[in-house]
Amino acid sequence: QKEVEQNSGPLSVPEGAIASLNCTYSDRGSQSFFWYRQYSGKSPELIMFIYSNGDKEDGRFTAQLNKASQYVSLLIRDSQPSDSATYLCAVGARSNAGGTSYGKLTFGQGTILTVHP
Amino acid sequence: SAVISQKPSRDICQRGTSLTIQCQVDSQVTMMFWYRQQPGQSLTLIATANQGSEATYESGFVIDKFPISRPNLTFSTLTVSNMSPEDSSIYLCSVSRTSGRFGTDTQYFGPGTRLTVL
């Protein structure tokens, strides 16, 4: 079983629609959850993070976390063609005994999103 | 954010040779990471490099194949040794830093080194 799983897609949505990207993870002790966007030929950039159960909104992006189900999602409202990219879910390692995260991330395989005009 | 540069940006190498990739950060960071991203795949962590200590390698990666140096808090190198076509990939370094926008520790990535092994 992969540690972080995403539907690889491709996911195609029309411009203006809501794109829904999903991710599950296997380590129940995971503390932090990130969504990165990667344009073709570019390096990943962080667009959202979430630590607590529930929803977190930032502009057109909403991250949702359900730790009981080990599930995290990203919603993109009013999708634009410029949102077309690969979206990577990343899970942060549990904190060490001192309570400080040591920064390691495990990435899912990514979901390719295409927003067509 | 962090300004991270990598050299070379791309290279084509013959099998059996070695390539050293450099990663330079604009300010001091404690932790640097090296990832591999094979064509059409996600990022796989190779190792974590902390200044003044041996790199910590992930399962499936060994020091003899991917030796790493971390001589100071702004620089690291990754060497891909005795290369084969299976090593063709993008190699990315990243640093862990507090995001000014998000207020959380996150990883910033360099532009990557695209390696092709013939």
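These figures come from a predicted structure and were not determined experimentally. (Residues numbered from 1 in each chain as written. Chains lettered and ligands numbered in written order. Predicted model: local features only at pLDDT ≥ 70, side-chain atom pairs only at ≥ 80, totals over all residues. Heavy atoms only, no water.)

Participant: Sorry, what's going on with the overall build of chain A here?
Facilitator: Summing up its helical and strand segments, chain A has zero helices and 11 strands in all. The N-to-C order of helical and strand elements in chain A reads β-β-β-β-β-β-β-β-β-β-β. In chain A, which comprises 117 residues, the proportion classed as buried is 42%. Long-range pairs, those at least 24 residues apart, make up 56% of the contacts in chain A with a sequence separation of at least 6. As presented, chain A carries roughly 5500 Å² of accessible surface, and 48% of it is formed by carbon and sulfur atoms. (Helix = DSSP H or I, 4+ residues; strand = E, 2+ residues; numbered from the N terminus. Buried < 20%, exposed > 50% of the residue type's maximum accessible area, 1.4 Å probe, protein only. Contact = heavy atoms within 4.5 Å. Areas by Shrake-Rupley, 256 points an atom, 1.4 Å probe, with all protein chains shown as cover.)

Participant: I tried to follow the environment of threonine 79 of chain B on my own but got confused; where do I start?
Facilitator: All names here are of chain B. Take threonine 79: it is sitting in strand β8 (residues 75-80). The sequence separation of threonine 79 and threonine 20 amounts to 59 residues, and the corresponding C-alpha distance is 4.1 Å. Apart from residues no more than four positions distant in its own chain, threonine 79 is found in contact with Ser18, Leu19, Thr20, Lys65, Phe66 and Pro67. Among the polar contacts made by the side chain of threonine 79, one reaches the side chain of threonine 20 at a distance of 2.8 Å. (Polar contact = N/O pair within 3.5 Å; in protein donor to acceptor, adjacent residues only side chain to side chain.)

Participant: Looking at this structure, how should I read the sheet that holds strand β7 (residues 68-72) of chain B?
Facilitator: Sheet strands associate in pairs through backbone hydrogen bonding, adopting either a parallel or an antiparallel arrangement. All names here are of chain B. In spatial order, the strands read β1-β3-β8-β7; together these four strands make up an open sheet with antiparallel pairing. Each end of this open sheet is capped by a strand with a single partner; those strands are β1 (4-7) and β7. Within the sheet, the average angular offset between the axes of one strand and its neighbour, ignoring direction, is 15°. In this structure, β7 lies alongside β8, joined through three bridges in antiparallel fashion. (Pairing = 2+ DSSP bridges. Axes fitted to C-alpha atoms, helices over the stretch in contact; angles between N-to-C directions.)

Participant: What is the right way to read the confidence of the model for chain A from this model?
Facilitator: Should pLDDT be low for a region, the predicted coordinates there are not to be read in detail. On average, residues of chain A score 88 in pLDDT, and 90% of them reach the 70 mark or higher. In this model residues 96-101 of chain A is a low-confidence stretch, pLDDT under 50, and it forms four contacts with partners more than four residues away in sequence or in other chains. (pLDDT = per-residue confidence, 0-100.)

Participant: I would appreciate a short explanation of the interface of chain A and chain B in the present structure.
Facilitator: One widely used convention gives an interface's size as the accessible area the parts lose upon coming together. Listed as interface residues are 20 residues of chain A and, on the opposing side, 20 residues of chain B. Buried area between chain A and chain B, both sides added, is near 1600 Å², and the carbon and sulfur share of it is 54%. Interface area lost by chain A to chain B is led by Leu46, Lys104 and Phe107 of chain A, which between them contribute 25%. Inspection of the chain A/chain B interface yields four residue pairs in polar contact (both at pLDDT 80 or more). Residue contributions to the side of chain A that touches chain B peak at four residues, all from strand β5 (residues 45-50) of chain A. Classifying every residue of the side of chain A that touches chain B gives 12 nonpolar, six polar and two charged. (Buried area = accessible area lost by both parts, 1.4 Å probe. Nonpolar A, V, L, I, M, F, W, Y, C, P; charged D, E, K, R; others polar.)

Participant: What should I look at first to understand the packing of aromatic side chains in this one?
Facilitator: Each aromatic ring pair is described using two quantities: the centre-to-centre distance and the angle formed by the ring planes. As enumerated under the stated definition, the model contains nine aromatic pairs over all chains in all. With centroids separated by 5.5 Å and ring planes inclined at 55°, the aromatic side chains of tyrosine 36 of chain A and phenylalanine 107 of chain A adopt a geometry described as tilted. Here phenylalanine 107 of chain A lies in strand β10 (residues 105-107) and tyrosine 36 of chain A lies in strand β4 (residues 32-38), a separation of 71 residues in the sequence. Residues phenylalanine 49 of chain A and tyrosine 51 of chain A carry aromatic rings whose centres are separated by 5.1 Å and whose planes lie at 65° to one another, so their mutual orientation is edge-to-face. The buried category is assigned to phenylalanine 49 of chain A, whose relative accessible area is 7%. Among the aromatic residues, those joined into a cluster by ring pairs are Tyr36 and Phe107 of chain A together with Tyr35 and Phe109 of chain B. For lysine 56 of chain A, the ring lying beneath its charged end belongs to phenylalanine 49 of chain A, and the centroid distance is 3.1 Å. (Phe/Tyr/Trp six-rings, centres within 6.5 Å; stacked < 30°, edge-to-face > 60°. Lys NZ or Arg CZ within 6 Å of the ring centre and 35° of its normal.)

Participant: Please explain unusual backbone geometry as it appears in this structure.
Facilitator: Note the cis peptide between lysine 7 of chain B and proline 8 of chain B, where omega equals -10°. Residue placement: proline 8 of chain B occurs in the loop between β1 and β2 (10-13). Backbone geometry places aspartate 78 of chain A, a non-glycine residue, at a positive phi of 45°. Along the chain, the position of aspartate 78 of chain A falls in the loop between β8 (71-76) and β9 (85-92). Not every positive phi belongs to a glycine, and asparagine 82 of chain B is a case in point at roughly 45°. Structurally, asparagine 82 of chain B is set in the loop between β8 and β9 (89-98).

Participant: How should I be thinking about the environment of glutamine 38 of chain A in this particular structure?
Facilitator: When you line up the elements, glutamine 38 of chain A lands in strand β4. Overall, glutamine 38 of chain A belongs to the buried group, its relative accessible area being 9%. Apart from residues no more than four positions distant in its own chain, glutamine 38 of chain A is found in contact with Ser43, Pro44, Ala85, Thr86 and Leu88 of chain A together with Gln37 and Leu43 of chain B. Polar side-chain contacts of glutamine 38 of chain A include one of 2.9 Å to the side chain of glutamine 37 of chain B.

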